[in-house]
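Examining the three-dimensional arrangement
For reference, the chains in residue letters:
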Amino acid sequence: MKIVFMGTPEFAVASLEAILEQGHEVIGVVTQPDKPKGRGGRLASPPVKEVAVQRGIQVYQPPRIRETNFVEQLRNMKPDVIVVTAFGQILPKSVLDIPPKGCVNVHASLLPKYRGAAPIQFAIINGESRTGITTMYMDEGMDTGDMILQRAIDIRPDETAGQLHDRLAALSKDVLKDTLLLIEQGRAPRIKQNDNEATYCSKLTKEMGHINWDADVKTVYNLIRGVTPWPGAYVFYDDTMIKIWHARIVSDYKDALPGQIVDIDREYGIIIKCKDGCIAVDEVQQQNKKRMNIEEYLRGHKIEIGTMLR
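The notes below deal with the structure included here. Note that the structure is a prediction, hence the values are computed from the model and not measured.

About the cut-offs
- Residues numbered from 1 in each chain as written.
- Predicted model: local features only at pLDDT ≥ 70, side-chain atom pairs only at ≥ 80, totals over all residues.
- Heavy atoms only, no water.
- Helix = DSSP H or I, 4+ residues; strand = E, 2+ residues; numbered from the N terminus.
- Buried < 20%, exposed > 50% of the residue type's maximum accessible area, 1.4 Å probe, protein only.
- Contact = heavy atoms within 4.5 Å.
- Areas by Shrake-Rupley, 256 points an atom, 1.4 Å probe, with all protein chains shown as cover.
- Lys, Arg positive; Asp, Glu negative; His and termini not counted.
- Charge placed at Lys NZ, Arg CZ, Asp CG, Glu CD.
- Arc of directions from axis to C-beta.
- 1 Å grid on protein atoms, 1.4 Å probe; cavity = no way out; pocket = protein on both sides within 12 Å on 5 of 7 lines; lining within 4 Å.
- Points joined across faces, edges and corners; volume = space filled by probe spheres on them.
- Nonpolar A, V, L, I, M, F, W, Y, C, P; charged D, E, K, R; others polar.
- Core = buried A, V, L, I, M, F, W, Y, C linked by side-chain atoms within 4.5 Å.
- Axes fitted to C-alpha atoms, helices over the stretch in contact; angles between N-to-C directions.
- Left-handed = near helix turned anticlockwise from the far one by under 90°.
- Phe/Tyr/Trp six-rings, centres within 6.5 Å; stacked < 30°, edge-to-face > 60°.
- Lys NZ or Arg CZ within 6 Å of the ring centre and 35° of its normal.
- Salt bridge = Lys/Arg side-chain N within 4 Å of Asp/Glu carboxyl O.
- Pairing = 2+ DSSP bridges.

A closer look at the overall build of the protein
Helix and strand counts for the protein come out as eight helices and 17 strands. When the backbone C-alpha atoms are referred to their principal axes, the protein occupies close to 65 × 45 × 30 Å. In the protein, buried positions account for 51% of the 310 residues. Here the analysis covers contacts within the protein between residues at least 6 apart in sequence; of these, 65% occur between residues at least 24 apart. Per element, the accessible surface of the protein, about 15,400 Å² overall, is 47% carbon and sulfur. Of the charged side chains in the protein, 40 are positive and 40 negative; the average position of the first set lies 4 Å away from that of the second.

Structural notes on helix H3 (residues 68-77)
Three or four residues apart is the spacing at which side chains of an α-helix point the same way, because the helix has 3.6 residues per turn. Inspection of H3 places Phe-70, Val-71, Leu-74 and Met-77 among the buried residues, and these make up the whole buried set. In a view along the axis of H3, the buried residues occupy a sector of 115°, so they form one face of it. Along H3, the residues that are exposed and aim more than 90 degrees away from the buried face are Thr-68, Asn-69 and Asn-76. Those residues of H3 that are buried lie in contact with strand S1 (2-7), strand S2 (25-30), strand S5 (59-60) and helix H4 (93-96). Once H3 ends, the next one or two residues include Lys-78, with phi positive near 55°.

Observations regarding the environment of Lys-218
Here Lys-218 lies in helix H7 (residues 217-226). Classification of Lys-218 by relative accessible area gives exposed; the value is 57%. Taking the C-alpha atoms as reference points, Lys-218 and Thr-68, separated by 150 residues in sequence, lie 49 Å from one another.

Side note on the layout of surface pockets
In this structure, the second largest pocket spans a volume of roughly 410 Å³. Among the elements of the structure, strand S12 (233-237), strand S13 (240-250) and strand S16 (278-286) are those that each provide at least two residues to the lining of the second largest pocket. Take the lining of the second largest pocket: its biggest share by element is three residues, from S13. Residues of the lining of the second largest pocket, tallied by class, amount to seven nonpolar, five polar and two charged.

A short note on the nonpolar core
By size, the foremost hydrophobic cluster in this structure holds 75 residues, and its most contacted members are Leu-168, Ile-211, Trp-213 and Ile-279. At ten residues, helix H6 (residues 161-184) tops the list of elements feeding residues into this core. Those residues within four positions of Trp-213 in sequence are excluded, and the remaining contacts are Val-220, Val-235, Pro-258, Gly-259, Ile-272, Lys-273, Cys-274, Lys-275, Ile-279 and Leu-309. Among the nonpolar cores identified, the runner-up in size contains 18 residues, and Val-30, Tyr-60, Val-95 and Ile-98 belong to it.

Quick look at the packing of helix H1 (residues 10-21) against H6
It is the contact of H1 with H6, at a shortest axis distance of 8 Å, that shows an interaxial angle of 30°. The hand of the H1/H6 crossing is right-handed. For the pair H1 and H6, the contacting residues are Glu-10, Phe-11, Ala-14, Ser-15, Glu-17, Ala-18, Ile-19 and Glu-21 in the first and His-165, Leu-168, Ala-169, Ser-172, Lys-173, Leu-176, Lys-177 and Leu-180 in the second.

Some points on the packing of aromatic side chains
Within the structure shown, the criterion is met by two aromatic pairs. Ring geometry for Tyr-234 and Phe-236: centres 5.9 Å apart, planes at 90°, overall edge-to-face. Taking the ring centre of Tyr-137 as reference, the NZ or CZ of Arg-190 above it sits at 3.9 Å. Between the NZ or CZ atom of Arg-248 and the centre of the ring of Tyr-268, over which it lies, the distance is 4.3 Å.

As for the pattern of salt bridges
Throughout the structure, instances matching the rule amount to 20 salt bridges. Residue Asp-34 is joined to Lys-49 by a salt bridge in which the shortest nitrogen-to-oxygen separation is 3.1 Å. In this pair, Asp-34 sits in the loop between S2 and strand S3 (35-37) while Lys-49 sits in helix H2 (residues 47-54), placing the two residues 15 residues apart along the sequence. Judged by relative accessible area, which is 25%, Asp-34 ranks as partly exposed. By relative accessible area, which is 16% here, Lys-49 ends up buried. Ionic pairing is found between Asp-282 and Arg-248, a salt bridge with its closest N-O pair at 2.5 Å. Of this pair, Asp-282 sits in strand S16 while Arg-248 sits in strand S13, and the two are 34 residues apart along the sequence. On the basis of relative accessible area, Asp-282 is assigned to the buried category, the value being 16%. Each of the salt bridges in this network shares a partner with another, and the network as a whole consists of Glu-17, Glu-21, Lys-173 and Lys-177.

What about the packing of H1 against H2?
Interhelical geometry of H1 versus H2 gives an angle of 35° and a closest axis separation of 8 Å. Across from Glu-10, Ala-12, Val-13 and Leu-16 in H1, the residues of H2 making contact are Pro-47, Val-48, Val-51 and Ala-52. The residue inventory of the contact of H1 with H2, partitioned by class, reads seven nonpolar, no polar and one charged.

Some remarks on the sheet that holds S2
Backbone-to-backbone hydrogen bonds join strands into a sheet, with any given pair of strands oriented parallel or antiparallel. The seven strands lie next to each other as S5-S2-S1-S6-S7-S9-S10, forming an open sheet whose pairing is mixed. Where the open sheet ends on each side, the last strands, each with one partner, are S5 and strand S10 (147-154). In the sheet, S1 pairs with S2 via five bridges, with the strands oriented parallel. Paired with Lys-2 across the strands is Glu-25, a residue of S2. Contacts from H3 reach S1, S2 and S5, with the element oriented near 145° to S1.

So this is what it looks like as structure tokens:
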């Protein structure tokens, strides 16, 4: 089939690779415009663009997908299917109506749960035990179209969003290949979503990583896992921001206050009180410094038991 692929971040690369591995003709890749990155502010290409350029595929980067000229350009390309994975723009009806075999989306949740921008992260933040990949026919809603295939996986108890991202990306390749085969054969189902069971997740912001120590210990632990590697969980020690890369739940200290450092061990970690338990932080990164295990960090920084974090 002749396919236009739309995607932007690293997660979407797996979908592009799946299409190419299956032997379809990718007649164009549409991705977000290059953006400034790093302290120098140099323009950086999206991961999908980098792969497309390496493969010699024509790349398009319209600031707005609904621009009349670009919609007409897409129409003239005459794709059989448009495949979308984490593109970053909502497709208007004028685009959805172009391919005769439909626009297909690859979404990293078990729809109708976790429609929206950050399903991988919020599945962990909310303490889910399972998630997966859903492919669906796109409509004008936010992840509301008829489903084609779903595959589920268990979320590991200590898994971070970054680790789950990589496992779901690998799973998405197989699910998309099976989906495209069904579409090509004219056998793809259309399974209505139950809107009464739908949940939504917003975009992540840096502020979401700020730990509230008045929360219960499982909530704090899941937040740390769910926002790793980005935006990262963080606290303030005095006036210094410290990012927490890894932690685990440990025995409670009943007489401590939420946010209080109750113990320090160079191997085990910094023990911090939550509402109903404690976590041991064993990998951190001070603002504008390198990431360190707790033994490295304590060699160069003085941390006092009894100090309140905020």
